[in-house]
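Now for the letters of each chain:
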Amino acid sequence: MRLDDQRESSNVEDRRGEGGIGFGGGGGQQAGGFGGMGGLLGLLIPLIGSKFGIVGIIVAFGAVFLLSNMGGGGSPAVAPHASAPTQSAPAPQMAPGSTDQFVAKVLATTEDTWSKLFAASGEKYPAPKLVLFDGSIRSACGSASAASGPFYCPGDQKVYLDTSFFDELHSRFGAPGDFAAAYVIAHEVGHHIQTITGISDEVTKRQKSARSQAEANQWLMRLELQADCYAGVWAANNRNLLDSGDFAEGVRAAQAIGDDTLQKQAQGRVVPDSFTHGSAAQRVRWLTRGFESGNPNACDTFNIPAAQL
Ligand SMILES: [Zn+2]
């Protein structure tokens, strides 16, 4: 990717070194709490909903949504970095060329992209924060460790990222490259879009009323595939930053973290009913659909038969 001229987002919170603090710090949002966002959401949904072709209504915030991660379930624990627990304040100054700078620049491209898409309908994009962590971290969705992989927490509207996952993408999943790493971030930002448009809530509701675990899994999978599609939309709107071969990196990453790929590696067999993120082929399909259309309206994973996902 060509990010030299990109600005860095100011929405990165560096909380590395915080691991082990755990619960009890006070002031944390209850999982499932929604803060003061109700009014804003009420305003946003009808507008965004019609713009993005979303059929969904606002419902009460439901289950903890730690599962909205990138995949990689069952990954082994990642050893915490040896950083001293002294830095709690955000560190906006980042070393040139560092992973931190890369993350801040990619996050800025997601802000620019979604601001533009929202502005096209006269709406303001409420950008999420991105928390860098190592070891373990406390979020409004509960505690998480690096082994959970990157995730988005709707309760505090933050993306949580342990940058060691980028190394894992390379070493464990065989999907190296800066675009593959950027796709991870864009996917999590996709969950933020789903949260502020009310889609995540709707899926939580449908999961709760599902008649079987397989059906509940499928709702989650549709949500995940849409986040992949949104990542493709982000990529399409940043074609000027892509090197040749970049998108292929993303496709490779999507394949590597497909549920079937991971299950085959972990247990030697594939159980489609247990998929929560989609097969390799499905993830590639929706990432590509977003990339080829550049339009979030092309990302409706909810109103098509399962066989066409
Ligand atoms: Zn996800």
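Definitions and limits used
Residues numbered from 1 in each chain as written. Predicted model: local features only at pLDDT ≥ 70, side-chain atom pairs only at ≥ 80, totals over all residues. Heavy atoms only, no water. Helix = DSSP H or I, 4+ residues; strand = E, 2+ residues; numbered from the N terminus. Buried < 20%, exposed > 50% of the residue type's maximum accessible area, 1.4 Å probe, protein only. Disulfide = S-S within 2.5 Å.

K.L.:
Would you mind going over unusual backbone geometry with me for this structure?
P.N.:
Residues other than glycine predominantly adopt negative phi, and peptide bonds predominantly adopt the trans conformation. Despite not being glycine, Gln157 has its phi angle at roughly 55°, a positive value. Among the secondary structure elements, Gln157 is positioned in the loop between β5 (151-153) and β6 (158-161). Here Gln157 falls in the buried class, since its relative accessible area comes to 12%.

K.L.:
Help me understand the state of the cysteines in this model?
P.N.:
Simply put, disulfide is the name for a covalent bond between the sulfur atoms of two cysteines. In this structure the tally under the stated criterion is two disulfides. Between Cys141 and Cys153 runs a disulfide, and the two sulfur atoms are separated by 2.1 Å. The sign of the 95° torsion about the S-S bond sets the Cys141-Cys153 disulfide as right-handed. Residue Cys141 is found in the loop between β3 (136-139) and β4 (142-145), and its partner Cys153 is found in strand β5; the two are separated by 12 residues along the sequence. Classification of Cys153 by relative accessible area gives buried; the value is 0%. Paired through a disulfide, Cys229 and Cys299 show a sulfur-sulfur distance of 2.0 Å. Because the torsion about its S-S bond is -75°, the bridge between Cys229 and Cys299 counts as left-handed. Of the two residues, Cys229 sits in helix α6 (residues 213-236) while Cys299 sits in the segment after α9 (280-293), which places them 70 residues apart along the sequence. Given a relative accessible area of 0%, Cys229 falls into the buried group. Here the cysteine-cysteine linkages of the chain are recorded as 1-2, 3-4, numbering only bonded cysteines and doing so in sequence order.

Take it as geometry only, folks, not as evidence of what the structure does.
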